[in-house]
Amino acid sequence: MFSLVPRGLVSGLCKSSKHSLGQKPLIEALNLLNDDSKRCYGVVGDILSPSQVLGIDHLRDPRLNKGLAFTLEERQALGIHGLQPARFKSQEEQLELCRISIERYQEDLNKYLYLTELHDRNEKLFFRLLSENIEDLMPIVYTPTVGLACQKFGLIYRRPRGLFITINDIGHVFDVLKNWPEPNVKAIVVTDGERILGLGDLGACGMGIPVGKLALYTALAGIKPHECLPIVLDVGTNNQALLEDPLYVGLRQKRVTGKLYDDFVDEFMEGVVKRYGQNTLIQFEDFGNHNAFRLLKKYRYNYCTFNDDIQGTASVAVSGLMACKRITGKKFADNTICFLGAGGACLGIADLAVRAMVLEGISIEDARKKIWMFDIDGLLANERPEGNLEGHKKYYAKDHAPSKDFAALVNEIKPSILIGASATFGAFTPDILQAMGKFNDRPVIFALSNPTDKAECTAEQAYINTEGRCIFASGSPFPPVEINGQTFKPGQGNNAYIFPGVALGILTSGIHHISEDVFLMASETVADCVTEDDLKNGRIYPPLGEIQEVSIQIAVKILEYAYKERIATVYPKPKDLRRYVEELQYNYNYEPSLPNLWPWPKAPYIKTKCMEPTKLKA
């Protein structure tokens, strides 16, 4: 529900910083806050109580603002008549103007800034524009442009759109969480900024990632924006250039690690549950590899949480591989998979691929033997001198001579699937790509690193060096490629196919803990949405414009699974699961700004008695 929230505390109560706030100024401040004529309120939630909102707030608050779409009756009744020009514009007319405005910008960062400003002033218009133009605008609000926005965050920062909780707030994390005005947050995306896309440690500038992810929660899955909260855990940065940058907005100190860091994250998780409840979904995003798996393992059975870099990336990659089976005719277990990179993304993909192979009937040991991994220290080999086989890496280490020659390894093991998430541009060289074409009739090549300039190869390089026979997917978008008169539309293995639908399914079912089965179901659903025409055009993912439908289907699958396994906490079970999901989704369209009016029936005539004055005794 909407509730009253003071937009700011009284300033200037204490003129001198040398003195603490005394009792008299404090009483005066409370009196000011209790004076309705002097208070200015914001709104929260999505149920409006008209008596609690001033007319001018309908122009000031992005949730209520409709621009020139306010009718004459609304303008007069709300007291905003004359504050706008006389023209009336429908939401459709406003959308067309927004499209024209976006196209006039030449640089993607300027388009990002335009959309940010639109989000700040008119929420429904922003989300409707984004939801109806996914293919054009998702690369702006998400990868690859969001990476540039994070790099320029100190320059483009205008107003808060999330919480910054610093290591200096340890012991008071809950107090910071209380400062967020929304009482009904259901989904949080949190980062500590240590590994933003393939750009490395950006510290507090990583806020662009949670903001972008949650914008897609709403645009692609209809999760209500007031239920979403982006958070940065600012523990410092080891990026020296940022520490010396006068525009940097975060803590100017090296990253805190060890027990203090763990205690801080523990306090954050506990604070979220205390503030918003056990069912609050917490999505971890762009944490360093040394923390990502560790924190997922630590929290996954105690909180409603997942790591998108590990599980979301794994799910979208495996969905692509499932679609590939319809082209290659091979089962999962028939493939040899070679990874360049052994971070959270690659290990997550490997683990989920192993799970898929096991479901086909082979043992987990045999499944792991079919996966080869190569990281910064070379092949994951038991005898390599560098070691560094901690965590899940040890499952894929081979009894093989140590090697630092990736091309030689590819030629030796002759993989049918090549996957890169190494943030190393050009790592899939022409020689490696040509070798993949020699080993396989239809080689599968996934260059998943983001943003585009970190991809292991371009779509054009992949198609040219395999004579157009490869099945290609990337993390960021690449344009169509034409070879010998045939046009290939490269698939984008974007996590946006997965995490919005997964989040929608979790929130609508009330699942407490998220198993790998949820992500495997999401993979299968996305793969099932790929049509034969998509496959003929080289696509192994549905068009981006269909993600909203994919998200609903994922959510329905998760609901079916949750009720079957008795892990749903929303009861009674809805009779029509799809309708239940759709009824809970955000409405992108303008709604009437005036309260509903309704007549009462005419009262029956009843003759009343004459009123006689009451005589008071002396």
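Structure first, text after, so check above.
Residues numbered from 1 in each chain as written. Predicted model: local features only at pLDDT ≥ 70, side-chain atom pairs only at ≥ 80, totals over all residues. Heavy atoms only, no water.

**Notes on unusual backbone geometry**
Here Asn 450 and Pro 451 are connected by a cis peptide whose omega angle stands at -10°. With respect to the element layout, Pro 451 can be found in the loop between β12 (444–447) and α20 (459–465). Residue Pro 572 is bonded to the preceding Tyr 571 through a cis peptide linkage, with omega at 0°. Its place among the elements puts Pro 572 in the loop between α24 (547–564) and α25 (577–583). Of note, the phi angle at Asp 286 is positive, near 60°, even though the residue is not glycine. The exposure class of Asp 286 is buried, given its relative accessible area of 2%. Positive phi, normally seen in glycine, also occurs at Glu 467, with a value near 55°. Checked against the element boundaries, Glu 467 lands in the loop between α20 and β13 (471–474). (Helix = DSSP H or I, 4+ residues; strand = E, 2+ residues; numbered from the N terminus. Buried < 20%, exposed > 50% of the residue type's maximum accessible area, 1.4 Å probe, protein only.)

**Description of helix α19 (residues 430–439)**
Taken as a whole, α19 has its buried residues at Ile 432, Leu 433, Ala 435, Met 436 and Gly 437. Against the buried residues of α19 lie α18 (406–413), β11 (417–420), β12 and α20. (Contact = heavy atoms within 4.5 Å.)

**Overview of the environment of Lys 178**
With respect to the helices and strands, Lys 178 occurs in helix α10 (residues 173–178). Distance in space between the C-alpha atoms of Lys 178 and Ile 606 is 55 Å, their sequence separation being 428 residues.

**Observations regarding the pairing of β12**
In β12, alternate side chains face the same way, and those of Val 444 and Phe 446 on one face and Ile 445 and Ala 447 on the other are all buried. Across four bridges, β11 lies against β12 in parallel orientation. Its bridge partner lying in β12, Gly 420 is registered against Ala 447. As a crossover connection, the stretch from β11 through α19 into β12 is right-handed. Where β12 meets β13, four bridges bridge the pair, whose relative direction is parallel. By the bridge assignment, Ala 447 is partnered in β13 with Ser 474. In this region the chain leaves β12, passes through α20 and returns to the parallel neighbour β13; the handedness of that crossover is right-handed. (Pairing = 2+ DSSP bridges. Right-handed = clockwise from strand over helix to strand, strands pointing away.)

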